[in-house]
Structures are given as structure tokens and as C-alpha cells.
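Remarks on the overall topology
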Amino acid sequence: MAPAPEPERYPYHDNDACPVGQEIKASGEWQYYEPKLKEETRPRCPQCRALDE
């Protein structure tokens, strides 16, 4: 049997103006991003990064 696939780590959204983050919040699938271990860290959303520049 093949091993179970690792859960995909989606980018996190930290800019309230990000349309992708707003869509996720509106869908009810929003979860706060609070990694406890280095392995749990996720990349920042490119749109959030661009909005902060």
C-alpha cells in the first residue's frame, strides 16, 4: 500500500485586503495560522506580500 499523502500546506494570509484571504474567510473555511513547530510553517500568500510592498 502507498503511504497516505501529506496534507498540503496552503499559503497563509495576513493582509485583510487580500482577495484570496477574504474569499476563504467568507467560505467559512478560515483557520488561524499558529504553527508550533518549524515543520508546520507555511509560506506567506504572494498576494498578501505584494499588497504590503
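These numbers were taken from a predicted model, which means no experiment stands behind them.

Thresholds applied
- Residues numbered from 1 in each chain as written.
- Predicted model: local features only at pLDDT ≥ 70, side-chain atom pairs only at ≥ 80, totals over all residues.
- Heavy atoms only, no water.
- Salt bridge = Lys/Arg side-chain N within 4 Å of Asp/Glu carboxyl O.
- Buried < 20%, exposed > 50% of the residue type's maximum accessible area, 1.4 Å probe, protein only.
- Helix = DSSP H or I, 4+ residues; strand = E, 2+ residues; numbered from the N terminus.
- Contact = heavy atoms within 4.5 Å.

Quick word on the pattern of salt bridges
- Tallied over the full model, the rule gives three salt bridges.
- K25 serves as the salt-bridge partner of D16, at 3.2 Å between the closest nitrogen and oxygen.
- The exposure class of K25 is partly exposed, given its relative accessible area of 41%.
- R44 is the partner of D52 in a salt bridge, and the nearest nitrogen-oxygen pair spans 2.2 Å.
- Residue D52 is classed as partly exposed on the basis of its relative accessible area, which comes to 47%.
- Each of D14, R44 and D52 takes part in a single network of salt bridges with overlapping partners.

Overview of the environment of L51
- Looking at the element boundaries, L51 is found in helix α2 (residues 46–52).
- Considering only alpha carbons, one finds L51 and C18, 33 residues apart in sequence, at a separation of 7.4 Å.
- Ignoring any residue separated from it by four or fewer positions in sequence, one finds L51 in contact with N15, A17 and C18.

Note that every value here comes from positions in space, so none of it alone points to a role or purpose.
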